[in-house]
Every structure is written in structure tokens, then in C-alpha cells.
Amino acid sequence: MQTILITGSSSGFGLATAKLFLARGWRVVATMRRPNDVLPAQPNLTVLPLDVTDAGSIAAAVAAAGPVDVLVNNAGFGGLAAVEGMDMGQLRAMFETNTFGTFAMTKAVLPQMRARGAGVVVNVTSSVTLLTVPLLSVYKASKAAVNAFGECLAEEVAPFGIRVVTVLPGRAPGTRFGEASRARMTGAEIPEAYGAMAQALFANLTGPGPVTEAEEVAEAVWRAATDPAAPLRIAAGADAVALMG
Ligand SMILES: NC(=O)c1ccc[n+]([C@@H]2O[C@H](COP(=O)([O-])OP(=O)(O)OC[C@H]3O[C@@H](n4cnc5c(N)ncnc54)[C@H](OP(=O)(O)O)[C@@H]3O)[C@@H](O)[C@H]2O)c1
């Protein structure tokens, strides 16, 4: 039985991915900062505490998980903010989770994958990385760095039988992302001079048009995990597919 470890499984894409892989007979290690019973107890499910910004938490979770065939770096948050309204702590916090958390988790599982000569790392970034958008500069940078990381890492670890795939979801208002990101960005100001820009962007992000469902992201992760010929980048959701062209 194959094992998948997913970061940020408490909601949204991570939760949908855990459900899909459980339904398809995998052993799922669903990790979350504060373990809860969002997934009903079942034989192939292990729920572990994991904060991807905490080295001790990463070491403990990876040790408790045992051999991992597929790692999904999904944990993340964002938020609309003008860079001049963010303090360096907020800016760094976004990179700590989205970017350094991904690097740290990948580092933690690569040795065992290399020893077995097999494994897949799936990085969930964002279709925002395909766009030029104001007020998302730090978020886009945190995710674009992961795109770049994944592309080079794919070549670095291919000789050892390990694949690296980047999944780029579109906007998904159905997850907790907006609410969670706003809470984490409390205090990050959008100075008045950027007000009209922020309103237009918010209307655009929340307006009508195609959106991405969490289940579509889970299916993209499934393809990344199970198809040896999967491309380096997979768009998830109609809006992301249209952007990727
Ligand atoms: N929703 C969108 O529009 C959208 C679009 C493109 C890409 N994405 C990306 O997709 C990923 C999943 O987002 P989502 O929409 O499913 O949002 P979500 O419902 O807010 O889920 C985010 C998950 O990340 C977890 N998380 C945050 N910080 C963490 C940390 N330091 N350590 C471990 N887990 C942490 C959250 O856990 P807690 O419950 O503990 O906070 C939660 O489980 C994120 O990387 C996001 O940037 C989202």
C-alpha cells in the first residue's frame, strides 16, 4: 500500500486530497497544526500534528509517518496587502510557511525516497504565479519561488527515481483560504492610496467567472502522484487551465 503525507490537511485542498486518496485505497498521513476529527477515524488514516515552520515538529512528524511515497506540500496562506503596509515579520511569516516550509519538508523526506529509489514530491503553488497582480506581490513571490525550486529539484532528484510536480490551482473561494489569510494578515495595512486598486482587485477575485473546486486540486495531485508521465506543472481548475494555456 502506498503512503501519502499531506501538509495542511485540516481544510480545503489538503482535506479534499486526503479524502480522495483514502477513497482510492492509499495510506494517508494527514498532517495539521491542530489535529482534529475532520476526517473520521479509519484503518488507513494517520493524523499527525505538523507545523511546517517548526523544525522539531517536522522531524517528529516525518519520523512518526514512516516511509512516505508521496509528499504533498500544500500548507499555505496569502492575503491582499501592499508591501509597504506589511511589516517584515508578516512578510517573513508568509515565506516561512509557503516557501521555507516546503523546502524543509522536502529536505526531510528526500533521503528516505532516495534510499528507496522512488518517490514523488507535489508542491501546491498558485495560478497567481502566472499573473501580474498588484497587492499579491509577496504571496506571488513566495509561491513563484516554489515553482522555481520544483523545476530545478526535478532534475536534481530524477536520477534517484524521484519525481517533482507543481500543481497550480486557480482561485478557490470554497476553501478557508480567504478567511484564514485575512486572520493571519491582521495588521497588514492597505494604505489609502491603494484603496481603489484594492477594491478593483477584490471585486475581480470574488466576482463571477470560473473557479477551482478543492476536488479538482485533489485530482491534479492524484495525477501528479500516480502518472509517471505527469508534466512538471499541472493546472487545477478551469480558470488555472485557461491561464496556463
Ligand atoms: N484557495 C485559493 O484560492 C488558492 C488558490 C491557489 C493556491 N492556493 C494554495 O493552496 C494551498 C491550500 O489552500 P486552501 O485554499 O486549501 O486554504 P485553507 O483551506 O486555508 O487550507 C490551508 C491549510 O494550510 C494549513 N497551514 C497554514 N499554515 C500552516 C503551517 N505553518 N503548518 C502547517 N499547516 C499550515 C492550514 O492549517 P490551519 O487550519 O492550522 O491554519 C490549512 O490546513 C495553500 O498553499 C494556498 O496558498 C489556494
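Conventions adopted
- Residues numbered from 1 in each chain as written.
- Predicted model: local features only at pLDDT ≥ 70, side-chain atom pairs only at ≥ 80, totals over all residues.
- Heavy atoms only, no water.
- 1 Å grid on protein atoms, 1.4 Å probe; cavity = no way out; pocket = protein on both sides within 12 Å on 5 of 7 lines; lining within 4 Å.
- Points joined across faces, edges and corners; volume = space filled by probe spheres on them.
- Helix = DSSP H or I, 4+ residues; strand = E, 2+ residues; numbered from the N terminus.
- Nonpolar A, V, L, I, M, F, W, Y, C, P; charged D, E, K, R; others polar.
- Phe/Tyr/Trp six-rings, centres within 6.5 Å; stacked < 30°, edge-to-face > 60°.
- Buried < 20%, exposed > 50% of the residue type's maximum accessible area, 1.4 Å probe, protein only.
- Lys NZ or Arg CZ within 6 Å of the ring centre and 35° of its normal.

Colleague: I tried to follow empty space enclosed by the protein on my own but got confused; where do I start?
Modeller: Gaps left between atoms are located by rolling a probe of water-molecule size over the structure's atoms. Throughout the structure, instances matching the rule amount to 1 cavity of 30 Å³ or more. Its boundaries defined by the atoms lining it, the largest cavity holds a volume of some 30 Å³. If you trace the largest cavity, you find it lined by Gly79, Ala81, Met86, Met94, Leu135, Leu136, Ser137, Val138, Tyr139 and Met185. Counting residues per element, the lining of the largest cavity draws most heavily on helix H4 (residues 137–157), which supplies 3 residues. Per-class residue counts for the lining of the largest cavity are 8 nonpolar, 2 polar and no charged.

Colleague: What is the right way to look at the packing of aromatic side chains in this model?
Modeller: The geometry of an aromatic ring pair is captured by the separation of the ring centres together with the interplanar angle, meaning the angle of the planes. Applying the stated rule across the entire model yields 7 aromatic pairs. When the ring of Phe103 is compared with that of Phe149, the centres are 4.4 Å apart and the planes differ by 45°; the resulting orientation is tilted. Pair noted here: Phe103 is in helix H3 (residues 88–116) and Phe149 is in helix H4, with a separation of 46 residues, a long-range link. Here Phe103 falls in the partly exposed class, since its relative accessible area comes to 24%. Counting every residue linked through ring pairs, the aromatic cluster contains Phe95, Phe100, Phe103 and Phe149. Here the guanidinium or amino end of Arg114 rests over the ring plane of Phe160, the centre of that ring lying 5.8 Å away.

Don't take any of this as a statement about function, it's just geometry.
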